[in-house]
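# Structural overview for review
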Amino acid sequence: MKPSKPILCTILICLTCALALNKAEAQAKPDSLTNKLQQAFAQDSLPGMYVIMTDANKATYQHGFGYADIANHIPYSAGTIQNIGSVSKTFIAVALMKAIELKYFTLETDINEILPFKVANPNDPDGKITIRQLTDHTSGIIDNPEIYHYSYRFYPKLRAYDSTSVMVLNKMGFGEKLKDTTLTQFFYNYLSPQGKYYSKANFGQGLAGGTSSYSNIGSALVAYLIEIKSHLSYANFTRKYILKPLKMDHSGWHIPDVNLKDHAKLYLDQKSWFPLYDLTTYPDGGLKTSAADLSRYLMAISSHDKKLLTEASYQAMFTPQFSKEHPPKDINLTYRNKGIFWNLYTNGTIGHDGDDPGVGAYLFFNKATGKGGMFLCNKYLPNKQSIVDVLVQEAAK
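In this text the structure is predicted, and so the values were computed from the model without any measurement.

Parameters and conventions
- Residues numbered from 1 in each chain as written.
- Predicted model: local features only at pLDDT ≥ 70, side-chain atom pairs only at ≥ 80, totals over all residues.
- Heavy atoms only, no water.
- Helix = DSSP H or I, 4+ residues; strand = E, 2+ residues; numbered from the N terminus.
- Expected span 1.5 Å × (residues − 1).
- Buried < 20%, exposed > 50% of the residue type's maximum accessible area, 1.4 Å probe, protein only.
- Contact = heavy atoms within 4.5 Å.
- Axes fitted to C-alpha atoms, helices over the stretch in contact; angles between N-to-C directions.
- Parallel < 35°, antiparallel > 145°, perpendicular 65-115°, else oblique.
- Nonpolar A, V, L, I, M, F, W, Y, C, P; charged D, E, K, R; others polar.
- 1 Å grid on protein atoms, 1.4 Å probe; cavity = no way out; pocket = protein on both sides within 12 Å on 5 of 7 lines; lining within 4 Å.
- Points joined across faces, edges and corners; volume = space filled by probe spheres on them.
- Salt bridge = Lys/Arg side-chain N within 4 Å of Asp/Glu carboxyl O.
- Phe/Tyr/Trp six-rings, centres within 6.5 Å; stacked < 30°, edge-to-face > 60°.
- Lys NZ or Arg CZ within 6 Å of the ring centre and 35° of its normal.
- Pairing = 2+ DSSP bridges.

### Notes on helix α2 (residues 89-101)
Structurally, the α-helix is built with 3.6 residues per turn, so residues lying three or four positions apart point the same way. Compared with an ideal rise of 1.5 Å per residue, which puts 13 residues at 18 Å, α2 spans 19 Å between its outermost C-alpha atoms and is within 8% of the ideal. Here α2 lies mainly inside the structure; 11 of its 13 residues are buried. Residues of α2 that are buried in the fold lie against α3 (131-135), α7 (216-230), α8 (234-243), α9 (291-302), α10 (311-317) and β10 (349-356). Among the residues trailing α2, K103 stands out with phi positive, at a value near 65°.

Here's what the structure looks like:
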C-alpha cells in the first residue's frame, strides 16, 4: 500500500528539517571554534595565524587568520612557511628513536663513547652524561646566553626588514658573532676545554640527572650524535626518515631549503618585522614548515604511524621520565612530566610549544581521544594559553 500524498509531504518536510538541523549543528561547531580563535587572535594582536585540528589521519578543522605579509595583504594560509621554534625538538625525539632502532646507541649511552672529544662538567668532572639526560634537560649542559644568542645567523640581503626589529634583537642579545657553520664546529668550541667558547658558564651545578635546566644546546647535541653515527647531516637524516616519508615537501632546516615566496614575514609587532634567519644549532628550533606539512606530522605521531617508528619506539618516546617521588631539582610536575623531549601534560595531552623572534607555535594530541591540534603564528607570544586552551578543549570532545 503506497502512502498518500499528504503523508509523503509530511515525511519529506521532516527529512528536510532533520537535514537542515544536522547541517546547522555541523556548521555551529566550526563556527564556534572560529569565533573563539578569532577573539584570541585579536586579543594578542597577531599579524597572522593558521590552526588545524586533526583526528586519526584527517584534518577536521582548519582556518587561517590575518596575514603572512600585512603590507602586501598576503593571507596567512595552510601553505605559508615559517620557523616553528622548539616544536623542532619533537623531530629530534623521532630522529633519536629511529637512530636507536638502527642500533647506533641507546638512551643510556655515555656521550663520551660517541663524541670525538671528551666532555666533562667542571662542576662534576667524574660524572657520566647520558643521551637520556640530554632529552629530559638534566644533563648539566646549559645555554650560556653569552654564546647561544650569538648562534643565530641573519639574512638581511634576502628580504627587506624593519630597523626597529634589529635594534630590539640587539638589546635581547641576538647577533652573529660566531663563525661556526656546522654542529661539529660549534660543539667542539662550546664543550671541549680547548674550544673557543668553552667556559664553566656552559655547565650547571650538581650531578648529571639531578637538576632540570631547559637546554637548547643539550637538545641539539643529540642531533650531532646522530650525525656522527649515521654519517649524514642531521638535516639529511631527518629528510630521509621523517620529511620524505610524510611528504613534507615544503619543509626544511635552512633558508635555502624553502621557497621564500611562501615564507611569512616574522613580526615584532604590526609594523615591524625581523630579517630572515637560521640557527647554527638548527635542530633545537630551526625547522621551517607550513601548517599543511606540520599537520601531516601531527597525524602520523598521534596515530603511531609505522612509516616513522615501531610501536615500541613510540611507547618509549612517550614514557614519563621523572617519578613524582624523586624528581630532579627545579622542575614542577604539577602540570607536566617529560617524555623523550615531548611534554606529557597532566590534562592528558602530549605536545610541545615553540618560540623565537617573530615565532609562536604549538602542537599536541590527546592520547585518549586521538584528536590533535596545532597553530602557527608569525609573532612571538609571551603567553599562548588563550589559544592552547581553546584547542585542548576541542580535542577533548
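### Looking at the packing of α2 against α8
α8 packs onto α2 with a crossing angle of 85° between their chain directions and a minimal axis gap of 10 Å. Compared by their axis directions, α2 and α8 come out roughly perpendicular. Only Y234, F237, T238, Y241, I242 and L243 of α8 make contact with α2, whose side of the interface consists of F91, I92, V94, A95, K98 and A99. Counted by class, the contact of α2 with α8 contains 10 nonpolar, 1 polar and 1 charged residues.

### Quick look at empty space enclosed by the protein
Tallying each qualifying case throughout the model produces 1 cavity of 30 Å³ or more. By volume, the largest cavity amounts to about 50 Å³. If you go around the largest cavity, the residues you meet are V119, A120, N121, D124, G127, I129, S139, G206, L207 and A208. Class assignment for the residues of the lining of the largest cavity results in 5 nonpolar, 4 polar and 1 charged.

### Focus: the pattern of salt bridges
Considering all chains together, one arrives at 11 salt bridges under this definition. One salt bridge in this structure joins E311 and K306, with 3.7 Å as the shortest N-O distance. The partner of D353 in a salt bridge is K384, with the nearest N and O atoms 3.3 Å apart. Taken as a pair, D353 in strand β10 and K384 in the loop between β12 (371-377) and α11 (385-395) lie far apart in primary sequence, 31 residues in all. A relative accessible area of 9% places K384 in the buried class. Among the charged side chains, a salt-bridge network with shared partners connects D353, D355 and K384.

### As for the packing of aromatic side chains
Considering all chains together, one arrives at 23 aromatic pairs under this definition. On the numbers, 5.8 Å between centres and 35° between planes, the contact of F41 with F65 is tilted. In this pair, F41 sits in helix α1 (residues 5-43) while F65 sits in strand β2 (residues 58-69), placing the two residues 24 residues apart along the sequence. In this pair, the class of F41 matches that of F65, namely buried. When the ring of F186 is compared with that of Y197, the centres are 6.4 Å apart and the planes differ by 40°; the resulting orientation is tilted. Remark: Y197 occurs in the loop between α6 (183-191) and α7 and F186 occurs in helix α6; sequence separation between them is 11 residues. Each member of the pair, F186 as well as Y197, carries the same accessibility label: buried. These aromatic residues form a ring-pair network of at least three members: F91, Y234, W253, Y282 and Y297. Looking at K265, its charged tip hangs above the ring of W273, at a distance of 3.9 Å from the centre.

### Quick look at the sheet that holds strand β1 (residues 48-55)
Read across the open sheet, the 8 strands follow the order β3-β2-β1-β12-β11-β10-β9-β8; overall the sheet is antiparallel. Strands with a single pairing partner mark the edges of an open sheet, and in this sheet they are β3 (74-75) and β8 (336-338). Here 2 bridges tie β2 to β3, and the two strands are oriented antiparallel to one another. The partner of D69 across the bridge, within β3, is I74. Sitting on the sheet, α9 touches β1, β2, β11 (359-366) and β12, and the angle it makes with β12 is about 155°. Across the sheet, α11 lies against β1, β10, β11 and β12, angled at about 160° from β12, the strand it touches most.

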